2 protein chains.
Amino acid sequence: MKSSLTLEHQICFQLYTASKELTRLYRPILAPLNLTYSQYLVMLVLWEEEGIDLKQVGERLTLDSGTLSPLVKRLMQIGYVEKVRAQDDERRIVLTLTDSGRALREQAEDVPRQVSGMLKIDEATYVAYMEMLIDIKARLKAFGEQQG
Amino acid sequence: MKSSLTLEHQICFQLYTASKELTRLYRPILAPLNLTYSQYLVMLVLWEEEGIDLKQVGERLTLDSGTLSPLVKRLMQIGYVEKVRAQDDERRIVLTLTDSGRALREQAEDVPRQVSGMLKIDEATYVAYMEMLIDIKARLKAFGEQQG
DNA sequence: TATAATTAAGTTGTGCACAATATAATTGTT
DNA sequence: AACAATTATATTGTGCACAACTTAATTATA
């Protein structure tokens, strides 16, 4: 295993910069939708499953309430999202889309195609890369569960 | 190319969560060194090349002065780093290590081994993953340069 | 050689990301 | 039923990350 303390040889550094630079690529694409990258991720979840619990959104994105609460507040201010208390459990908050938020989906449909085009990546490579990233996450999860 | 607006099928999302979760793994490892993850990256650069320009640190980590200025200020407060104006060009700032910062390297030597152990990843897989990430960055860079 | 353009670093403001804590609702236990 | 433990959300504080702007030093050019 690479144990030399060189920046470029550390997988964490490559992951960190790759993520940052890919997010940078998204910024001008998402700007017309009036969304930041994190807000876009929340909208993706809601377009997939409207009426989902705030808690469950946080689980899918690995975000806690300290991040999500103010983020959702901003999505409400923009007018894409609404919060409703669940009747059966007053602690839970259910997120729904406004008409405006639902309409935004059509505009967003084109985002993945734009990004793929910019990356000039073929389907097979794309899938292989996805699998690698999912594997890294699985290893992290395995360690986390082993530890507790 | 995957054009469905599903969270899990977007490479950006996998990269984003993988990076976040790997950083989370580092947190308890770096805590005894009194470093955040970003501070650790700056220290890695300095251990590799002491006396480097602040500007060049920013280029290697893809960080601008808005991020680096306060971060380096914190490293100075901890007592790991010192700032010196370059004599030949008074605009430039040269970063040097204190004895304490230099001594910390020995403790940090063990970090990559600890991380690899936690991920339970063999050398070949590790190298393949590194190459994938470097390739993603190359594609991003190629697009960025094509655009300007 | 004035002065315009560029460069390096710093500052301000916004929005994550997360730890720690607080509050209120629900569930479990005696 | 009373009360302890748990759960969902919100708030506070710290530290990134970056855009936009400011300041000071250097370089280019008229």
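If you check an unreviewed UniProt entry, chain A appears there as MarR family transcriptional regulator from Exiguobacterium alkaliphilum. The UniProt entry for chain A carries this comment under Subcellular location (unreviewed entry): "Cytoplasm".

S.K.: Talk me through the pairing of strand S2 (residues 93-97) of chain A; I want residue IDs and the actual numbers.
M.R.: Residues and elements named next belong to chain A. Along S2, four of the five residues are buried, which leaves the element largely enclosed by surrounding structure. Here five bridges tie strand S1 (residues 81-85) to S2, and the two strands are oriented antiparallel to one another. Following the sheet pairing, arginine 85 is matched in S2 by isoleucine 93.

S.K.: Could you give me a rundown of the relation of the copies chain B and chain A, with the residues and numbers involved?
M.R.: Turning chain B through 180 degrees and shifting it by 0.0 Å along the axis lays it on chain A, with an RMSD of 0.0 Å. These values place the two chain copies in the arrangement generated by a two-fold rotation axis. An overlap of 98% is found between the interface residues of chain B and their copies at the interface of chain A, pointing to a shared contact surface.

S.K.: Summarise the interface of chain B and chain A; cite the residues concerned and give the values.
M.R.: In this assembly, 62 residues from chain B lie in contact with 61 residues from chain A. Roughly 6,700 Å² of surface becomes buried between chain B and chain A when both sides are summed, with 65% attributable to carbon and sulfur atoms. On the surface where chain B and chain A come into contact, there are two salt bridges. Put simply, B:Arg60 and A:Glu8 hold a salt bridge, and the shortest N to O gap is 2.4 Å. Summed over the shared surface of chain B and chain A, the number is 30 residue pairs in polar contact (both at pLDDT 80 or more). Contributions of two or more residues to the side of chain B that touches chain A are made by helix H1 (11-30), helix H2 (37-48), helix H3 (54-61), helix H5 (99-108), helix H6 (111-119) and helix H7 (123-147) of chain B.

About the thresholds
- Residues numbered from 1 in each chain as written.
- Chains lettered and ligands numbered in written order.
- Predicted model: local features only at pLDDT ≥ 70, side-chain atom pairs only at ≥ 80, totals over all residues.
- Heavy atoms only, no water.
- UniProt positions renumbered as here; feature names shortened; annotations may be inferred.
- Buried < 20%, exposed > 50% of the residue type's maximum accessible area, 1.4 Å probe, protein only.
- Helix = DSSP H or I, 4+ residues; strand = E, 2+ residues; numbered from the N terminus.
- Pairing = 2+ DSSP bridges.
- Least-squares fit on C-alpha atoms with pLDDT ≥ 70 in both.
- Contact = heavy atoms within 4.5 Å.
- Buried area = accessible area lost by both parts, 1.4 Å probe.
- Salt bridge = Lys/Arg side-chain N within 4 Å of Asp/Glu carboxyl O.
- Polar contact = N/O pair within 3.5 Å; in protein donor to acceptor, adjacent residues only side chain to side chain.

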